[in-house]
Amino acid sequence: MNFSDVSYASGIAPSTTHYAGWGDAFFDFDNDGWVDLFMVNGHVYPQVDTGEAGARYEEPGLLFLNQRNGKFKDVSKLVGPALQVPRVSRGVATGDLFNDGRIDVVVENLKGGPTILRPQGGPPNHWISFQLVGTKSNRLALNARIRTTAGDLVQTSEVLSGGSYLSQNDLRLHFGLGGRQRVDKVEIFWPTGKIETLTDLTADHFYDVKEGEGLVSAEQIRSTGPEN
């Protein structure tokens, strides 16, 4: 297996080389169906503030918008002042904290309390979200994958037990849909090897899926005990 360094070709490197990067996350900031990149920074040593190299202990966060062509655009200074506040940040976790269909960001800071960044405004794009519960697979459905097809937009995501530095993301799988109001097909690949398929789902909804039973109510999900 070979790897290629595309940090400059993708447009990420020029904005990051002067910072000490820590937590990061790929998530769909604007629900357009293309994952964006968020990262936080903060130097290791407070003493850098007294140096002449220009480095600072507290550093701002960065947001890169996916340009859909293998490149990312630094929009950090275009999304409000909250991201530009210098902090000594370490961890990043993402999830829909307010259940409004937009992914929020929780930042763990070495100095002071955590920061919650909540997207507001922007285009009224559609989305869909899934919570999986395993029965023959592990109950949290870790390592289960979902592939969604909405017209010409095909996306894949996986339930993962980790995130960035000392962080855990929401276990629900969220997909931005842009202007698409329905999802034609959802394929769920369970860790056991079983594949379940759902069809013709309305956008802008949370769906609960229990292994072997398909769509279920949230109450059924909550009542599912560890022994099941």
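As a convention, each chain's residues are numbered from 1 in the sequence order in which they are written. Thresholds applied to this predicted model are a pLDDT of at least 70 for local features of residues and 80 or more for the giving and counting of side-chain atom pairs; totals over whole chains, interfaces and linings are not thresholded and use all residues. Calculated side-chain values reflect all of the structure's heavy atoms, with hydrogen atoms and water omitted.

Right, let's get into a nonpolar patch on the surface. Residues form patches when they are more than 30% accessible in relative terms and have no salt bridge. Like charges link within 9 Å. Nonpolar side chains (Val, Leu, Ile, Met, Phe, Trp, Tyr) link within 5 Å. For the accessible areas, the method is Shrake-Rupley and the probe is 1.4 Å, while residue cover comes only from the protein chains on display. We count a salt bridge whenever a side-chain nitrogen from Lys or Arg sits within 4 Å of a carboxyl oxygen from Asp or Glu. Residues L97, F98 and I116 make up a contiguous nonpolar surface patch of about 280 Å² in total accessible area. Partly exposed describes any residue whose relative accessible area lies between the buried limit of under 20% and the exposed limit of over 50%, with all areas from a 1.4 Å probe on protein chains only and scaled to the type maximum. For F98, a relative accessible area of 40% translates into the label partly exposed.

All right, on to the sheet that holds strand β4 (residues 72-74) then. The four strands are arranged β1-β2-β3-β4 in an open sheet whose pairing can be described as antiparallel. The open sheet has two edge strands with one neighbour each: β1 (21-27) and β4. Across the sheet, the mean angle from the axis of one strand to that of its neighbour is 20 degrees, orientation sign disregarded. Pairing between strands is defined by DSSP: at least two bridges between them are needed. In DSSP terms, a helix is any run of H or I states spanning at least four residues, a strand is any run of E spanning at least two, and both are numbered starting from the N terminus. Bridging between β1 and strand β2 (residues 36-41) involves five bridges; their strand directions are antiparallel. Bridge pairing in β2 places F27 opposite D36. The axes used here are C-alpha line fits, helices contributing only the stretch in contact, and every angle between their N-to-C directions lies in the interval 0 to 180 degrees.

Judged by how many residues are buried, strand β11 (residues 173-178) sits mostly within the fold: six of six residues are covered. Across the two faces of β11 the burial is the same, with L173, F175 and L177 and H174, G176 and G178 all buried. Summarising the sheet, strand β8 (residues 126-133) and β11 pair through five bridges and their orientation is antiparallel. Across the sheet, the residue bridging to F130 is L173, located in β11.

Turning next to the packing of aromatic side chains. We call Phe, Tyr and Trp rings a pair once their centres come within 6.5 Å, taking the six-membered ring for Trp, and we label the pair stacked below 30 degrees between planes, edge-to-face above 60, and tilted otherwise. Tallied over the full model, the rule gives five aromatic pairs. On the basis of an interplanar angle of 65 degrees and a centroid distance of 5.1 Å, the ring pair of W22 and Y165 is categorised as edge-to-face. Taken as a pair, W22 in strand β1 and Y165 in the loop between β10 (153-158) and β11 lie far apart in primary sequence, 143 residues in all. Owing to a relative accessible area of 40%, Y165 belongs among the partly exposed residues under this scheme.

Pairing is mixed across the open sheet formed by four strands, whose spatial order is β11-β8-β14-β15. Strands at the two margins of the open sheet, each flanked by one partner only, are β11 and β15 (214-216). Sheet twist, expressed as the average angle between the axes of neighbouring strands with direction ignored, equals 35 degrees. Inspection of the sheet shows β8 paired to strand β14 (residues 206-210) by five bridges, in the parallel sense.

Assignment of secondary structure puts D32 in the loop between β1 and β2. A distance of 2.9 Å separates a polar atom in the side chain of D32 from the backbone nitrogen of W34. By definition in these notes, contact holds between two residues if any of their heavy atoms fall within 4.5 Å. Every residue in contact with D32, bar those within four places of it in the chain, is listed here: R68, N125, G176 and G178. Under the rule applied, a polar contact is a pair of N or O atoms within 3.5 Å (in protein, one hydrogen donor and one hydrogen acceptor; residues adjacent in sequence only if both atoms are side-chain atoms).

Now for the pairing of strand β3 (residues 62-66). For β3, the tally of buried residues reaches four of five residues, placing the bulk of the element in the interior. Bridging between β2 and β3 involves three bridges; their strand directions are antiparallel. Bridge pairing in β3 links F38 to L63. Taken together, the three bridges between β3 and β4 define a ladder with antiparallel strand orientation. Paired with N66 across the strands is F72, a residue of β4. Connecting the antiparallel pair β3 and β4 is a turn made up of five residues, with R68 showing a positive phi of about 65 degrees.

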